[in-house]
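Geometric and topological summary
Spelled out from the first residue to the last, the chains are:
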Amino acid sequence: MSPSVPDSFVTAESISEKVKSGEWSAVEILDKYLSQIEQHESEVHAFNTVLEGEARAAARETDKRVASGETLGPLAGVPIAVKDNLCTKGIRTTASSRILENWKPPYDATVVQKLFSAGATLIGKTNMDEFAMGSSTENSAFGPTRNPHDLSCVPGGSSGGSAAAVAAGFAPISIGSDTGGSIRQPASLCGVVGVKPTYGGVSRYGLLAFASSLDQIGPFANTVRDAAIVHEVIGGHDPKDSTSISEPFPSFLDGLDHGVEGLKIGIISELMGGIEGISPEVIGKTREAASVLSANGALIEEVSIPASLYCLSSYYLIAPAEASSNLSRYDGVRYGLRVQGETLAEMNINTRTNGFGNEVKRRIMLGTYALSAGYYDAYYGKALKVRRLLAQNFDEVYSKFDVLLSPTSPCTAFKLGEKTSDPMTMYVNDVCTIPSNLVGHPAISVPFASGNDGMPIGVQILVPPMQEALMYRVASTLESAKSNEQ
Amino acid sequence: MTEPISEEEVAHVAHLARLRLSDQELEIFTRQLGAVLEHAKDVEALQLDGIEPMSHPFPLENVTREDEVGEMLEREKVLDQAPAAEDGRFQVPQILGEQP
């Protein structure tokens, strides 16, 4: 697919500036993206819902406000695609599940409200793995999304629709959620920037919960700077999310171009060959990224996070355990699907059996098992102890290093159907991204190279909690080094 | 070698989770859950005595607010999205008299 959206439309920042100055109209910009959607959405299937009418009305309103001299926010007139697990008032929010197929939330998620306040135009709701459970977007009840770089490949997941939307030029910005890598892995596979913020950095109010101690909402963008701008818009304390952090974060934009001179950057050795299944090509490109940072004055060393060997197993006990509890709310009583039954219990069973797909059922059962009497200590309890070890490992490494580097995804985009036969094969895709979720730290995936198959490869930059400014600075250095090279 | 999880156990877990499985699904899910639990044996085998479990990324404290009436959703708008409602309430199949 050839990206036919003009380059000048690519950054959200330029769109917003030109809309505010009156040089471009918000309607005109929206139309460019809508026409790209019209041409290519049938092949990509990035969206569950395209909001053409609503978006046009919102863009017209933006233009009116500009004309009347109002001061608009940093995303004025910027079309934004939002993952379909974020509540949008009166607009279908499905989590790509039959159980919520026709549900229209009575309120907006805090993130959505903040995007509106910043002047953004909601262009659509993006496809995803059902309830964010998956790494390929093949678990959607409404059919898979395809990778815009090669339609026979997956976009990654679970936020595959959001990643594909930006990669295909359907929107300059999209929003996803990341529980074990669901923003960073598809960003890597689709060649865009994807960010998982510090746990508690972005309000989860109005996010359909998967695993509450791991879930975070974050942006996709074409550039690091755009991602930082959107992150500043959606971040901040929210009394409606009791896990949201009340201290203010330092500006993500101020030091963006300050470079990496003198920074100590560790490469996580376990993710560079220590753990099986990470492709040599991806490891090679990650080393190249380290060389680029080194050439820019950073000090690079290999570091060890020993507990990362046990992260995959621990995650696939903790996340399903939390999911089994969170998804008990879909019982056919208050919202979504109801399949009738003679008794309440029968109605619950009929509804859940018909409403949930296989991956969701698998995780609910796995979580129920991991939490059940007799197995709790052996599985869930042990996994929580690994989590503690992992946090200690990171603390130790961060006492000597400022930043860590690793691959984002163990491989480039794979073919549709290639990894669906057995769940473990799919789960391994999250091996590099899971550690950040378990400890609540921020991480970003930056597009860096292409594989022999021509598909994008991203590298992951990890920093301690609330150090996003540093994360964006390193990411920006890598991004500019890459564009200078081309 | 003993299987990590039996069909009886999967059937029990499905019952707890309010899911109904066909015989074929039971067989497939048992195999698949077994593979995941097999992988989890590395964690199960770890010696982790004396390590404090960590259920959450950061220490959580109870968050309280003033006991004041805040913004609320309109009852009609919430019930409008319910599968069935009656007299301003969610409507469910009869519960009283139901066999446990």
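This structure is a prediction, so every number in the text was calculated from the model and none was measured. (Residues numbered from 1 in each chain as written. Chains lettered and ligands numbered in written order. Predicted model: local features only at pLDDT ≥ 70, side-chain atom pairs only at ≥ 80, totals over all residues. Heavy atoms only, no water.)

Structural notes on the pairing of strand 4 (residues 173-178) of chain A
Residues and elements named next belong to chain A. Here is the rule we go by: Accessible area is worked out with a 1.4 Å probe on protein chains only. A residue is then buried under 20% of its type maximum, exposed over 50%, and partly exposed in between. Helical segments are the DSSP runs of H or I of at least four residues, strand segments are the runs of E of at least two, and each set is numbered from the N terminus. The rule for pairing is simple: two strands pair if DSSP sees at least two bridges between them.
The element strand 4 is extensively covered by neighbouring structure, given that six of its six residues are classed as buried. Taking every second residue as pointing to the same face, both faces of strand 4 are buried, with Ile173, Ile175 and Ser177 on one and Ser174, Gly176 and Asp178 on the other. When strand 2 (residues 79-83) meets strand 4, the two strands line up parallel, connected through three bridges. When the bridges of strand 4 are listed, Ala81 appears paired with Ser174. Bridge count between strand 4 and strand 6 (residues 216-221): six bridges; the pairing is antiparallel. By the bridge assignment, Ile173 is partnered in strand 6 with Ala221.

Brief notes about the interface of chain A and chain B
Operational definition: Between two residues, a contact is recorded if the distance between any of their heavy atoms is within 4.5 Å. Here the buried area means the combined drop in accessible surface, using a 1.4 Å probe, for two parts upon being joined, counting both sides. Think of a salt bridge as a Lys or Arg side-chain nitrogen and an Asp or Glu carboxyl oxygen that are within 4 Å of each other. Under this definition, polar contacts are N or O atom pairs within 3.5 Å; protein pairs additionally need one hydrogen-donor-capable and one acceptor-capable atom, and for neighbouring residues in sequence, both atoms have to be side-chain atoms. Polarity classes work like this: nonpolar for Ala, Val, Leu, Ile, Met, Phe, Trp, Tyr, Cys and Pro, charged for Asp, Glu, Lys and Arg, and polar for all others, with Gly in that last group.
At the interface, 65 residues of chain A touch 51 residues of chain B. Here chain A packs against chain B, burying approximately 5200 Å² in sum over the two surfaces, 70% of which is carbon and sulfur. For the interface between chain A and chain B, the tally reads zero salt bridges. Between the two partners, chain A and chain B, sit 17 residue pairs in polar contact (both at pLDDT 80 or more). At the level of elements, helix 9 (311-326), helix 10 (344-355), helix 11 (358-371), helix 12 (377-398), helix 13 (423-427) and helix 14 (434-439) of chain A are the ones that each hand at least two residues to the side of chain A that touches chain B. For the side of chain A that touches chain B, a count of residues per class yields 35 nonpolar, 18 polar and 12 charged.

Some thoughts on the sheet that holds strand 11 (residues 456-462) of chain A
As a general point, the strands of a sheet are linked pairwise by backbone hydrogen bonds and lie either parallel or antiparallel. Residues and elements named next belong to chain A. Short version of the rule: Fitting a line to C-alpha atoms yields each axis, with helices limited to the stretch in contact; the angle taken between N-to-C directions then spans 0 to 180 degrees.
The strand order across the open sheet built from 11 strands is 1-3-2-4-6-5-10-11-9-7-8, with neighbouring strands paired in mixed fashion. The outermost strands of the open sheet, each flanked by one partner alone, are strand 1 (47-50) and strand 8 (299-303). Put simply, the sheet's adjacent strands are angled 30 degrees from each other on average, direction ignored. When strand 1 meets strand 3 (residues 121-126), the two strands line up antiparallel, connected through three bridges. The residue bridging Val50 from the neighbouring strand is Gly124, located in strand 3. Each of strand 1, strand 2 and strand 3 touches helix 2 (residues 26-44); the most contacted strand, strand 3, lies at about 20 degrees to it.

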